[in-house]
Amino acid sequence: MTPSIVLQFAVVLAAIWMGARYSGVGLGLWGGAGLFVLTVVFAVTPTSPPVDVIFIIMAVIMAASVMDAAGGIEFLVRIAERIIRANPKYVTIVAPITTWCFTFLAGTGHIVYPLLPVIYETAHQRGIRPERPMAIATIASQQAITASPVAAATAAMIGLFSEKGYPQWGLPQILMICVPSTLIGVLVAAVISMFTGKDLKDDLEYQARLKTGSIPASKSLKPDEERPPLKPAARISAFIFLAGVALVVLFGFFPSLRQLPGAKSPLAMPLVIEIVMMTTAAIMLMASKVSVDDVPKTPTLRAGAVAVIGIFGLAWLGDSFISAHQDVIVPAIGKWAQAAPWTFAIGLFLASVLLYSQAATTRALMPLGVALGIPPQFLIAMFPSVNGYFFIPTYGSLIAAINFDLSGTTRIGKYVLNHSFMIPGLVATGTAVAVGLLLAQVVF
């Protein structure tokens, strides 16, 4: 390592640190600033921006945003609420499976926010420690992102394989490994969570707060008939969106469906996803008669825009740095990674702790895994390790879970890192990677 490379690496770390401090679009903006320094001060030639990834995410987010504006996400949330309420005794198992499934279908973990009060009340009414289902349900909502066919992080993986000359590796292989591995990880963590902390009747701190009235009494959840009615096109928009997701999966698993007459090879999956999801958005727009002006105002579109900007700046910075010094970086750590490829998962996890974005971490670090010669199936197996957002308890869904748990059992510990999400998060992520590596060896 030359002094120049060390200084450039320091610039990359400084950009990540500054971006993490600002979070949101700050990740992307400081990534761009870091690339400016590398280009002007160190004469690093920038690589091409991650255009394919950005276009895939934009297409998927547009479809999800139209569904959101039409009330489709609210419709899916109400279905999830019914599932959770119907099995109160097993809420610690049912809640995370539900949040995993709905994130898998919708491609966003933000669907967990309206479910958190439902999970709390269901557990509290049954005398179950709310921390148990609240923490693992929050973790599960993010684990599913690395298994969802329409998540930004999955788009980043598909785009990466396409760019690096691995067109035979894509959505089918990601689903075959990551769907079972992340789901098993969530189930193992859920079982362990059933024994987390004391039961409410034995928790002296909870009982003392209950006697003083500092904990509100549990209230009955409102049935659907007492809520504002769904928007007229809520159901149809959800069904159209899910049909689009199913079509993407179908095209992924059967390349012959992507074969155009006279073409030598099937249409690339990034293009297929972009075409299908944009068409899905247009059909929803027509069928729901939703106002076009309402679409940019949805939380889904705002979250998607943040993801795009983060990937644009930060991934471009990381890719440019790695590309400029590939001949030095790869030999330096190549033998270590090749001897024990699973150790690369640790690097992905630590990077995601700082970046708070599965998609940004994937696009910034996975090219290094390709450069190191790690087989694609093992990179897919390690994909769930980008879910390290929970390690430092400042992520939005974690804070929401803490605030929605009025019993105070879901919390940040005295030493910060001993918080309610640490054990389920580590167990779910570690199990997912271990199961994924086993599947990668067996299946491929």
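Located above this text is the structure these notes cover.
Residues numbered from 1 in each chain as written. Predicted model: local features only at pLDDT ≥ 70, side-chain atom pairs only at ≥ 80, totals over all residues. Heavy atoms only, no water.

## Observations concerning the overall build of the protein
Phase 1: Along the backbone of the protein there are 19 helices and zero strands.
Phase 2: In terms of overall dimensions, the protein is globule-like: its C-alpha atoms have a radius of gyration of 22 Å, near the 22 Å expected for 444 residues.
Phase 3: Summarising its shape, the C-alpha atoms of the protein cover approximately 65 × 50 × 45 Å along the three principal directions.
Phase 4: Looking at the protein as a whole, 54% of its 444 residues qualify as buried.
Phase 5: A separation threshold of at least 6 residues defines the contact pool for the protein, and within that pool the share at least 24 residues apart is 82%.
Phase 6: For the protein, the exposed surface amounts to about 19,000 Å²; the carbon and sulfur share of it is 69%. (Helix = DSSP H or I, 4+ residues; strand = E, 2+ residues; numbered from the N terminus. Rg over C-alpha atoms; globule rule 2.2 N^0.38 Å. Buried < 20%, exposed > 50% of the residue type's maximum accessible area, 1.4 Å probe, protein only. Contact = heavy atoms within 4.5 Å. Areas by Shrake-Rupley, 256 points an atom, 1.4 Å probe, with all protein chains shown as cover.)

## Quick word on unusual backbone geometry
Phase 1: The phi angle at Ala 43 is positive, at roughly 60°, despite the residue not being glycine.
Phase 2: With respect to the helices and strands, the residue Ala 43 is situated in the loop between α2 (26–42) and α3 (51–70).
Phase 3: Residue Lys 289 is not a glycine yet carries a positive backbone phi of 55°.
Phase 4: Its place among the elements puts Lys 289 in the loop between α12 (269–288) and α13 (299–324).
Phase 5: Given the relative accessible area of 72%, Lys 289 is considered exposed.

## What about the pattern of salt bridges?
Phase 1: What the rule picks out here adds up to six salt bridges.
Phase 2: Close ionic contact of Arg 129 with Glu 131 constitutes a salt bridge, the shortest N to O distance being 2.7 Å.
Phase 3: Two residues, Arg 129 and Asp 203, come together in a salt bridge whose shortest N-O distance is 2.6 Å. With Arg 129 in the loop between α6 (116–125) and α7 (131–143) and Asp 203 in the loop between α9 (171–193) and α10 (204–212), the pair connects residues that are 74 residues apart, well separated along the chain. This pair shows no difference in class: Arg 129 is buried, exactly as Asp 203 is. (Salt bridge = Lys/Arg side-chain N within 4 Å of Asp/Glu carboxyl O.)

## Structural notes on the environment of Phe 241
Phase 1: Residue position: Phe 241 is located in helix α11 (residues 234–253).
Phase 2: Its relative accessible area of 0% is what places Phe 241 among the buried residues.
Phase 3: Not counting residues up to four positions away in its chain, the partners in contact with Phe 241 are Val 60, Ala 63, Ala 64, Met 67, Leu 105, Ala 106, Val 150, Met 277, Thr 280 and Met 284.

## Some words on the packing of aromatic side chains
Phase 1: Taken as a whole, this structure holds nine aromatic pairs when the rule is applied.
Phase 2: Ring centres of Phe 312 and Trp 316 lie 5.5 Å apart, and the angle between their planes is 15°; on these two criteria the pair is classed as stacked. Of this pair, Phe 312 and Trp 316 both sit in helix α13, separated by four residues, roughly a single helical turn.
Phase 3: According to the relative accessible area criterion, Phe 312 is partly exposed, its value standing at 39%. (Phe/Tyr/Trp six-rings, centres within 6.5 Å; stacked < 30°, edge-to-face > 60°.)

## Examining the nonpolar core
Phase 1: In terms of nonpolar packing, the biggest core is built from 126 residues, with Phe 241, Met 277, Phe 344 and Met 382 touching the most fellow members.
Phase 2: With sequence-adjacent residues up to four places away left out, Met 382 is seen in contact with Pro 341, Trp 342, Phe 344, Ala 345, Leu 348, Ile 374, Val 433 and Leu 437. (Core = buried A, V, L, I, M, F, W, Y, C linked by side-chain atoms within 4.5 Å.)

## A few points about the side chain of Thr 429
Phase 1: Summarising the element assignment, Thr 429 is placed in helix α19 (residues 422–443).
Phase 2: From its side chain, Thr 429 meets the backbone oxygen of Gly 425 in a polar contact 2.9 Å long. (Polar contact = N/O pair within 3.5 Å; in protein donor to acceptor, adjacent residues only side chain to side chain.)

## Focus: the state of the cysteines
Phase 1: In the structure shown here, the tally under the stated rule is zero disulfides.
Phase 2: The closest cysteine sulfur to the non-disulfide-bonded Cys 101 is located on Cys 178, 16 Å from its own sulfur.
Phase 3: By relative accessible area, which is 0% here, Cys 178 ends up buried. (Disulfide = S-S within 2.5 Å.)

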